[in-house]
Amino acid sequence: MRLWHVVGIFSLFVLSIIITLCCVFNCRVPRTRKEIEARYLQRKAAKMYTDKLETVPPLNELTEVPGEDKKKKKKKKKDSVDTVAIKVEEDEKNEAKKKKGEK
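Being a predicted model, the structure only gives us computed values, none of them experimental. (Residues numbered from 1 in each chain as written. Predicted model: local features only at pLDDT ≥ 70, side-chain atom pairs only at ≥ 80, totals over all residues. Heavy atoms only, no water.)

1. Observations concerning the overall build of the chain
Condition: Secondary structure counts use DSSP, requiring at least four H or I residues in a row for a helix and at least two E residues in a row for a strand, with both numbered from the N terminus. Think of it in three bands: with a 1.4 Å probe and only protein chains considered, a residue is buried below 20% of the maximum accessible area for its type, exposed above 50%, and partly exposed in between. Under the convention used here, a 1.4 Å probe and the Shrake-Rupley method define accessible areas, while residue burial counts only the protein chains that appear.
Looking only at helices and strands, the chain has five helices and zero strands in total. Listed N to C, the secondary structure of the chain is α-α-α-α-α in terms of helices and strands. Looking at the 103 residues of the chain, the share that counts as buried comes to 3%. For the chain, the computed accessible surface area is about 10,400 Å², with 63% contributed by carbon and sulfur atoms.

Shown next, in the form of structure tokens:
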């Protein structure tokens, strides 16, 4: 084998790896301005979605856990988020106390 045979085989090998990677990871370069703008808007929307998703509290803070001890609910951490159910229960308790105080 001559030197140009080795260089040719090596370059074909490298080219086939590059083509395979581009097909697998879909790293096509956009060719028109419309495609570039569409890709920019898509990335911007994805970033806004992830930013909003980070502000949502975890599911265990949004729902009540069945069988959870009532005493545990009363102990609130400073970083925990009050759920609507807890606020409604507190309002009902406060109203009941006010009615007992009026009687």
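So much for the structure itself; the text now carries on.
2. Thoughts on the UniProt feature "transmembrane region" (unreviewed entry) in the chain
We apply this condition: UniProt positions are given in the numbering used here, feature names are shortened, and annotations may be inferred rather than shown by experiment.
Look at the UniProt record and you will see "transmembrane region" (unreviewed entry) annotated at residues 6-27. In residues 6-27, the share of helix is 91% and the share of strand is 0%. The end C-alpha atoms are 29 Å apart.

3. A look at the state of the cysteines
Put plainly, two cysteines are in a disulfide when a covalent bond ties their sulfur atoms together. Applicable threshold: In what follows, a disulfide is any cysteine sulfur pair within 2.5 Å.
For the structure on display, the rule yields zero disulfides. The thiol of Cys23 is unpaired, and the distance to the nearest cysteine sulfur, on Cys22, comes to 7.0 Å. Taking relative accessible area as the criterion, Cys23 reaches 63% and is therefore assigned exposed.

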